[in-house]
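Spelled out, the chains give:
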Amino acid sequence: MLEECWVCPRHCGVNRLTGESGKCHITSQVLISSYGPHFGEEAPLVGRQGSGTIFFTYCNLRCVFCQNYTISQLGEGSPVNREELAKMMLSLQAKGCHNINLVSPTHVLPHILDALELAVGAGLYLPLVYNSGGYDCVETLKLLDGIVDIYMPDMKYSDERTAEQLSGIKDYPEVNKAAIKEMHRQVGDLQLDKQGVAQRGLLVRHLVLPNQLAGTEEVVWFLGQEVSTNTYLNVMAQYHPCYKAFDIPLLSRPVNKQEFYEAIELAHQQGLYRLDRYHFPLPLRFVPR
Ligand code: SF4
């Protein structure tokens, strides 16, 4: 996969094993920006002991508003080898985390599988969370059938022109929908244990953008009509303009309360009832009078 890279739908065709890199900027060397128990993730992932996050540097997307742009676009992070990555997974398990949460795993999937082989051999048993931007190939996802327990993709847009302008990939909506269907085929709806901690299934994230740029109406229609009304959905309100978002007038303000609650209402109208705890975190000065 890395010799003529087709790991993600960009299909760059570069030889990453000889030091070439494609749109994601990553060669055969994996970089990690941080790892540790995380308590800001979705409630069923956090539980009591936290979600064991590992943040991979760079990304196969180029979102102009990336809320983690120092990691995904500017390359903040340090190199790790397969042994070190496996040790990180095991140390998160030893700390009591409920899962191993791979943040932006798409472009480094072969490396993750390589490390996973070591970690599982050394006793890793936690559910594996694939926490991606949702731009994943069905062919690649099929390789993960039986390995990934919980898929947590984004659904960022439903309009091609918006996807091209804001993330540099016109086919995001089509690729994203096919990926979500494959993920759901593999793991089904999100299943929780008696303590409410996720064990297996699909959990979708949707970041509401100002001026309806995220295409929420079509996203929730797709989930309700073409996936399952039991889909666990996190409608996120925390968008704030950063990175290059100030260059785009429609993106240059936070989401307001009305936009967020409209998105929640649209999800309810499609029969989606498993919504992550939601709150509206904006400072009062941003709330319209
Ligand atoms: S993983 Fe990176 S190099 Fe490979 S196809 Fe995707 S963007 Fe290109």
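Residues numbered from 1 in each chain as written. Predicted model: local features only at pLDDT ≥ 70, side-chain atom pairs only at ≥ 80, totals over all residues. Heavy atoms only, no water.

(A) Representation of helix 7 (residues 172-187). Across its 16 residues, helix 7 extends 22 Å between first and last C-alpha, which sits within 8% of the 22 Å expected from 1.5 Å per residue. Residues of helix 7 that are buried include every one of Y172, P173, V175, N176, A179, I180, E182, M183, H184, Q186 and V187, and no others. In the segment just after helix 7, G188 is the residue with positive phi, at about 70 degrees. (Helix = DSSP H or I, 4+ residues; strand = E, 2+ residues; numbered from the N terminus. Expected span 1.5 Å × (residues − 1). Buried < 20%, exposed > 50% of the residue type's maximum accessible area, 1.4 Å probe, protein only.)

(B) Focus on the environment of F222. Mapped onto the secondary structure, F222 falls in helix 8 (residues 216-227). Judged by relative accessible area, F222 falls into the buried class, the value being 3%. Sequence separation between F222 and I180 is 42 residues; the distance between their C-alpha atoms is 10.0 Å. Residues in contact with F222, not counting those within four places in the same chain, are M155, K177, I180, K181 and V227. (Contact = heavy atoms within 4.5 Å.)

(C) Molecular detail of the site of the ligand. Near the ligand the following residues occur: C5, V7, C8, R10, H11, C12, R16, G22, K23, C24 and H107. For the shell around the ligand, the class distribution of residues is 5 nonpolar, 3 polar and 3 charged. (Near = heavy atom within 4 Å. Nonpolar A, V, L, I, M, F, W, Y, C, P; charged D, E, K, R; others polar.)

(D) Fine view of the pairing of strand 5 (residues 128-131). A two-sided burial pattern is seen for strand 5, the buried positions comprising L128 and Y130 on one face and V129 and N131 on the other. Here 4 bridges tie strand 4 (residues 100-103) to strand 5, and the two strands are oriented parallel to one another. Among the inter-strand pairings, V103 is bridged to a residue of strand 5, identified as N131. On the question of chirality, the crossover connecting strand 4 to the parallel strand 5 by way of helix 4 (residues 109-121) is right-handed. Here 2 bridges tie strand 5 to strand 6 (residues 150-151), and the two strands are oriented parallel to one another. Paired with Y130 across the strands is Y151, a residue of strand 6. (Pairing = 2+ DSSP bridges. Right-handed = clockwise from strand over helix to strand, strands pointing away.)

(E) Summary view of the pairing of strand 2 (residues 51-56). For strand 2, the tally of buried residues reaches 6 of 6 residues, placing the bulk of the element in the interior. Across the two faces of strand 2 the burial is the same, with S51, T53 and F55 and G52, I54 and F56 all buried.

(F) Summary view of the pattern of salt bridges. Following the criterion strictly, the structure yields 11 salt bridges and no others. Between D145 and R185 there is a salt bridge whose closest N-O contact spans 3.2 Å. With a gap of 40 residues between them, D145 in the loop between helix 5 (138-142) and strand 6 and R185 in helix 7 connect regions that are remote in the sequence. The salt bridge partner of R253 is E259, with a shortest N-O separation of 2.9 Å. Given the relative accessible area of 15%, E259 is considered buried. (Salt bridge = Lys/Arg side-chain N within 4 Å of Asp/Glu carboxyl O.)

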